[in-house]
Amino acid sequence: MRTFLIAGNWKMHQNIAETKAYFNEFTKLVKKAPEGVNILLCPVYTSLHAAAEATAKVDGLHIGAQNLHFEDKGAFTGEITAEMIKETGADHVIIGHSERRQYYNETDETVNKKTHKAIQAGLTPVVCVGELLEERKADRHFEVVKKQVVEGLKGVSKGDATKLVVAYEPVWAIGTGETASPDQAQEIHAFIRKELSSLYDEGTAAKIQILYGGSMNPGNAEELLSMEDVDGGLIGGASLKPDSFSEIVHFAGKIYSS
Ligand code: PEP
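Caption draft 1: Structural context of the environment of Leu40. By the secondary structure assignment, Leu40 is in strand β2 (residues 37-42). Separated by 35 residues in sequence, Leu40 and Leu5 have C-alpha atoms that sit 7.1 Å apart. Discounting chain neighbours no more than four positions away, the residues touching Leu40 are Leu5, Ile6, Ala7, Gly8, His62, Ile63, Gly64, His92, Val126 and Phe245.

Spelled out as structure tokens, the structure:
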């Protein structure tokens, strides 16, 4: 049985003091990740170190950054390297989030370079893909997501593919309160799994976790996480509150052990 990854993307929220307060609360609610579940929280860069301190208190808790640069150093004002992220105690990094594609000109090509850099540095990349509303309406979502997967993972070997996570996040469901139905999520997750099988092989594809993201919350998480090819969630808004995030973590544990 596949294991779950329940990941939170804090975006540009939570300073250091708020991060410490969050983990004070969260560690009371989740003393240890449930069997079959890993937990990931991705704060802003300045809160990474404070967040990473909590990993000593909760087994199965991981910390990640929300972006990285693919170069090792240089004149790239405002950017951060994989090694700098690792130095904070983080071990994951979100790559190609739709907000970065939309506002910061992230392309499949930069996603691919960043994915290679993360793997090379020993960070687990969470590679985000997902279609826009107009692409879904035009029935182009399969084509769009296939291109993002194929180009984003170009040149990643079979051995390295199992070191990454894919997050399917339909852009029309991010921060909108609108969620893909469990059937819609399953349909495209199965499609992504099939594409991964063609790129690699069935065994490799089965090992790659595919997360759903887009307004996941305690009210819809159980149904979404119960779908066969949904291996977890990438959660924005609902990850900012320790109680709602921990509820989702517990749902995943319940599904794993049922
Ligand atoms: C996200 O930021 O990746 C996300 C899915 O946000 P939300 O859960 O708020 O829709």
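Caption draft 2: How the structure looks around the site of the ligand. Within the structure, the ligand sits among 14 residues, and Lys11, Glu169, Gly175, Ser215 and Gly236 are positioned closest to it. Measuring from an oxygen atom of the ligand, one finds a backbone N or O atom of Gly175 at 2.6 Å. A distance of 2.8 Å is found between an oxygen atom of the ligand and a backbone nitrogen or oxygen belonging to Gly236. If the ligand stood free it would expose 290 Å²; the protein chains cover 95% of that surface. Class assignment of the residues belonging to the shell around the ligand gives a composition of four nonpolar, eight polar and two charged.

Caption draft 3: A look at the sheet that holds strand β3 (residues 61-65). Judged by pairing direction, the barrel is parallel, and its eight strands sit side by side in the order β1-β2-β3-β4-β5-β6-β7-β8 before closing back on the first. Pairs of neighbouring strands in the sheet enclose a mean axial angle of 25°, with direction left out of account. Here helix α12 (residues 242-257) sits on the sheet in contact with β1 (4-9), β2 and β8 (232-235), set at roughly 170° to β1.

Caption draft 4: Inspection of a negative patch on the surface at higher detail. Taken together, the side chains of Asp139, Asp183, Glu187 and Glu223 make up a negatively charged region of the molecular surface. Along the chain, Glu187 turns up in helix α9 (residues 182-199).

Caption draft 5: Structural context of α9. With 18 residues, α9 should cover 26 Å at 1.5 Å per step; its first-to-last C-alpha distance of 25 Å lies within 8% of that length. Taken as a whole, α9 has its buried residues at Pro182, Ala185, Gln186, Ile188, His189, Phe191, Ile192, Arg193, Glu195 and Leu196.

Caption draft 6: Looking closely at the pattern of salt bridges. Counting across every chain of the model gives 18 salt bridges. One salt bridge in this structure joins Glu222 and Lys254, with 2.8 Å as the shortest N-O distance. Here Glu222 is found in helix α11 (residues 221-225), whereas its partner Lys254 is found in helix α12, with 32 residues between them in sequence. Looking at Lys254, the relative accessible area reads 48%, which means it is partly exposed. One connected set of salt bridges, linked through shared partners, spans Arg2, Arg193, Asp229 and Asp231.

Caption draft 7: Inspection of the pairing of strand β4 (residues 92-95) at higher detail. The alternating pattern of β4 places His92 and Ile94 on one face and Val93 and Ile95 on the opposite face, and all of these are buried. Two strands pair when backbone bridges link them, and β3 and β4 are joined in this way by two bridges, in the parallel orientation. Looking at the pairing, Ala65 lines up with Val93 of β4. Regarding the hand of the β-α-β motif, the stretch spanning β3, helix α3 (residues 82-87) and β4 is right-handed. Alignment of β4 against strand β5 (residues 124-129), held across four bridges, turns out to be parallel. Looking at β5, one finds that His92 is bridged to Thr124.

Caption draft 8: How the structure looks around the packing of helix α5 (residues 108-121) against helix α7 (residues 141-152). Closest axis-to-axis distance for the α5/α7 pair is 8 Å, and the angle between their directions is 40°. The angle between α5 and α7 falls in the class oblique. For the pair α5 and α7, the crossing hand works out as right-handed. Each of Asp108, Val111, Asn112 and Thr115 in α5 lies in contact with α7, whose residues at this interface are Lys147, Gln148, Glu151 and Gly152. Looking at the contact of α5 with α7, its residues break down into one nonpolar, four polar and three charged.

Thresholds, definitions, all that
- Residues numbered from 1 in each chain as written.
- Predicted model: local features only at pLDDT ≥ 70, side-chain atom pairs only at ≥ 80, totals over all residues.
- Heavy atoms only, no water.
- Helix = DSSP H or I, 4+ residues; strand = E, 2+ residues; numbered from the N terminus.
- Contact = heavy atoms within 4.5 Å.
- Near = heavy atom within 4 Å.
- Polar contact = N/O pair within 3.5 Å; in protein donor to acceptor, adjacent residues only side chain to side chain.
- Areas by Shrake-Rupley, 256 points an atom, 1.4 Å probe, with all protein chains shown as cover.
- Nonpolar A, V, L, I, M, F, W, Y, C, P; charged D, E, K, R; others polar.
- Pairing = 2+ DSSP bridges.
- Axes fitted to C-alpha atoms, helices over the stretch in contact; angles between N-to-C directions.
- Patch = residues over 30% accessible without salt bridge, like charges linked within 9 Å, V, L, I, M, F, W, Y side chains within 5 Å.
- Salt bridge = Lys/Arg side-chain N within 4 Å of Asp/Glu carboxyl O.
- Lys, Arg positive; Asp, Glu negative; His and termini not counted.
- Charge placed at Lys NZ, Arg CZ, Asp CG, Glu CD.
- Expected span 1.5 Å × (residues − 1).
- Buried < 20%, exposed > 50% of the residue type's maximum accessible area, 1.4 Å probe, protein only.
- Right-handed = clockwise from strand over helix to strand, strands pointing away.
- Parallel < 35°, antiparallel > 145°, perpendicular 65-115°, else oblique.
- Left-handed = near helix turned anticlockwise from the far one by under 90°.

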